[in-house]
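Each chain, letter by letter, is given below.
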Amino acid sequence: MSARLDATHDPALRSWVASANADDTDFPIQNLPFGRFRRAGSSEPWRIGVAIGDQVLDLRALAPCLVPQARAETALPCEIGDYTDFYTGIHHATTVGRLFRPENPLLPNYRWVPIGYHGRASSIVPSGTPFRRPSGQLKGAADAPALGPSARLDYELELGVLIGADNALGEPVPMARAEEAIFGIALLNDWSARDLQAWEYQPLGPFLAKSFATTLSPWVVTLDALEPFRAPFERGDGEPAPLPYLDSPHNRAHGALDMTVEAWLRTAAMRERGEPAVRLSRVNVREAAYWTLAQLVAHHTVNGCNLRAGDVFGSGTLSGPRPEEGGSLLELSQGGKVAIALPGGESRTFLQDGDSLVLKAWCERPGARRIGLGACEGTVLPAG
């Protein structure tokens, strides 16, 4: 248990907002996440609000001014300057590596370096935003590639880390101060066109297969709210210890997050029939992530790179060790070889037009209030 717990984490605390006292709410009084909102259908300027229960507290008014979340529209929580997508999910990396490199699924640098790449900030969109199926070069059996819409569109179940403090160019952020640079976390879906990716990613990595859309949930949950759910950073037997610049006593004792993340699918036919979404997978972040949030900050800046408030990190796809815990359809369908059965006789290997994907996440344990991250949703439109 972390030594940084205080009265704000007391599970007995109750709010004057009745919905914040419900056992299943993501946003009790112990979790007051920040985001940008306005009343749905209005031309009001975007402004900062705090989610509480099923309401939004308007921080500009700071009066008896609660807006029901059902009557609010949300935007990206901040202006995003840069986006870095990491690859912290070791089970995802191993499974995907096995699909592409059966003889050498996990490259030797993975256990030493928090792998990441520079993504496209301009195509990060708020939850609820539909996006068009991407097109790009596809390489089949013919000698030459052809331009066409992706047929292997996928989701990626990730956490988004929002940076809240700058560091000067040339000044690394040490592990002892790495978490101070983090404002909070949200859910992130880094949509992926697997067929575009397979052709283009060598030798420099993802490009058009990733840059068409990334969906970010609207509410940023602070690390303080998640303090009751911190866990020791541990690795299995035979795994190497991190290099000293990626190590600290606090990280060893409290660096991991004991958090459940899920992916849910609702097809167009399911919506027409009035059926709810079906869960594709459930994963525990502590079990999925090979690196902690603090380690991502420390590594990103060790070369002197200057982070800026509003930057976003993606955790990388979070998958568990069991086959049913894949954080993407690429894993769940074994590279498209095994169709996933859905209600009503439908099946999927990859996403079809009209499909909606919802990510959810929460923390819970005895003696603490359940803390949730809300939802992160996107819907696939036909290619333009």
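Refer to the structure above for everything that follows.
Being a predicted model, the structure only gives us computed values, none of them experimental.

A word on the nonpolar core. Counting residues in each nonpolar core, the largest one holds 63 residues, and the members touching the most others are Tyr155, Leu159, Ile185, Leu226, Met259, Val261 and Val297. Tallying contributions element by element places helix α8 (residues 293-301) first for this core, with 5 residues. Look past the residues within four positions of leucine 226 in its chain and what remains in contact with it is Ile185, Val221, Leu257, Met259, Cys363 and Ile371. With 11 residues, the next largest nonpolar core counts Tyr83, Ile124, Ala186 and Leu216 among its residues.

All right, on to the pairing of strand β3 (residues 55-58) then. Regular strands place side chains that alternate from one sheet face to the opposite one. In terms of strand pairing, strand β2 (residues 47-52) meets β3 through 4 bridges, oriented antiparallel. Pairing of valine 50 across the sheet is with leucine 57, part of β3. As consecutive antiparallel partners, β2 and β3 are separated by 2 residues, and within that stretch glycine 53 has a phi angle of approximately 60 degrees, a positive value.

To continue, consider unusual backbone geometry. Following glutamine 202, the chain continues into proline 203 via a peptide bond in cis, with omega recorded as 10 degrees. Tracing the backbone shows proline 203 in the loop between α3 (194-200) and α4 (208-211). With a phi angle near 55 degrees, glutamine 334 is a residue other than glycine that sits in the positive phi range. With respect to the element layout, glutamine 334 can be found in the loop between α9 (329-332) and β22 (340-341).

A separate point is the sheet that holds strand β19 (residues 260-266). Within the open sheet, the 5 strands sit side by side as β9-β25-β24-β19-β20. Their pairing is mixed. Sheet topology places β9 (131-132) and β20 (278-284) at the edges, where each strand pairs with a single neighbour. Relative to strand β25 (residues 371-381), β9 is paired through 2 bridges, and the arrangement is parallel. Bridge pairing in β25 links arginine 132 to leucine 381.

There is a patch of nonpolar side chains on the surface, built from Phe34, Ile48 and Phe183 and spanning about 240 Å² of accessible area. Turning to its location among the elements, isoleucine 48 is positioned in strand β2.

Spatial strand order, β4-β3-β2-β1-β5: 5 strands in an open sheet with antiparallel pairing. Each end of this open sheet is capped by a strand with a single partner; those strands are β4 (66-68) and β5 (72-74). Pairs of neighbouring strands in the sheet enclose a mean axial angle of 50 degrees, with direction left out of account. Taken together, the 3 bridges between β3 and β4 define a ladder with antiparallel strand orientation. Residue leucine 57 lies in a different strand from β4, and its bridge partner there is leucine 66.

The next point concerns the environment of proline 366. Within the element layout of this structure, proline 366 appears in the loop between β24 (356-363) and β25. Judged by its relative accessible area of 74%, proline 366 falls in the exposed class. A sequence separation of 179 residues divides proline 366 from leucine 187, and the C-alpha atoms of the two residues are 24 Å apart.

Examined against the element boundaries, leucine 381 turns out to sit in strand β25. Along the sequence, leucine 381 and glutamate 325 sit 56 residues apart, while their C-alpha atoms lie 26 Å from each other.

Further remarks concern α8. With 9 of 9 residues buried, α8 is to be regarded as a mostly interior element. Those residues of α8 that sit buried are Leu293, Ala294, Gln295, Leu296, Val297, Ala298, His299, His300 and Thr301.

Right, let's talk about the packing of aromatic side chains for a bit. Per the stated rule, a full pass over the model turns up 9 aromatic pairs. Ring plane angle 50 degrees and centroid distance 6.3 Å describe the contact between phenylalanine 100 and tyrosine 201, whose orientation is recorded as tilted. Pair noted here: phenylalanine 100 is in helix α1 (residues 90-100) and tyrosine 201 is in the loop between α3 and α4, with a separation of 101 residues, a long-range link. Where tyrosine 110 meets tyrosine 290, the ring centres are 5.7 Å apart and the plane angle is 45 degrees; that geometry is what we call tilted. With tyrosine 110 in the loop between α1 and β7 (116-118) and tyrosine 290 in the loop between α7 (285-288) and α8, this pair connects stretches of sequence that are 180 residues apart. Across this residue pair, the class does not change: tyrosine 110 and tyrosine 290 are buried. The positively charged end of arginine 38 is found above the aromatic ring belonging to tryptophan 46, 4.1 Å away from the centroid.

The rules behind each value
Residues numbered from 1 in each chain as written. Predicted model: local features only at pLDDT ≥ 70, side-chain atom pairs only at ≥ 80, totals over all residues. Heavy atoms only, no water. Core = buried A, V, L, I, M, F, W, Y, C linked by side-chain atoms within 4.5 Å. Buried < 20%, exposed > 50% of the residue type's maximum accessible area, 1.4 Å probe, protein only. Helix = DSSP H or I, 4+ residues; strand = E, 2+ residues; numbered from the N terminus. Contact = heavy atoms within 4.5 Å. Pairing = 2+ DSSP bridges. Patch = residues over 30% accessible without salt bridge, like charges linked within 9 Å, V, L, I, M, F, W, Y side chains within 5 Å. Areas by Shrake-Rupley, 256 points an atom, 1.4 Å probe, with all protein chains shown as cover. Salt bridge = Lys/Arg side-chain N within 4 Å of Asp/Glu carboxyl O. Axes fitted to C-alpha atoms, helices over the stretch in contact; angles between N-to-C directions. Phe/Tyr/Trp six-rings, centres within 6.5 Å; stacked < 30°, edge-to-face > 60°. Lys NZ or Arg CZ within 6 Å of the ring centre and 35° of its normal.

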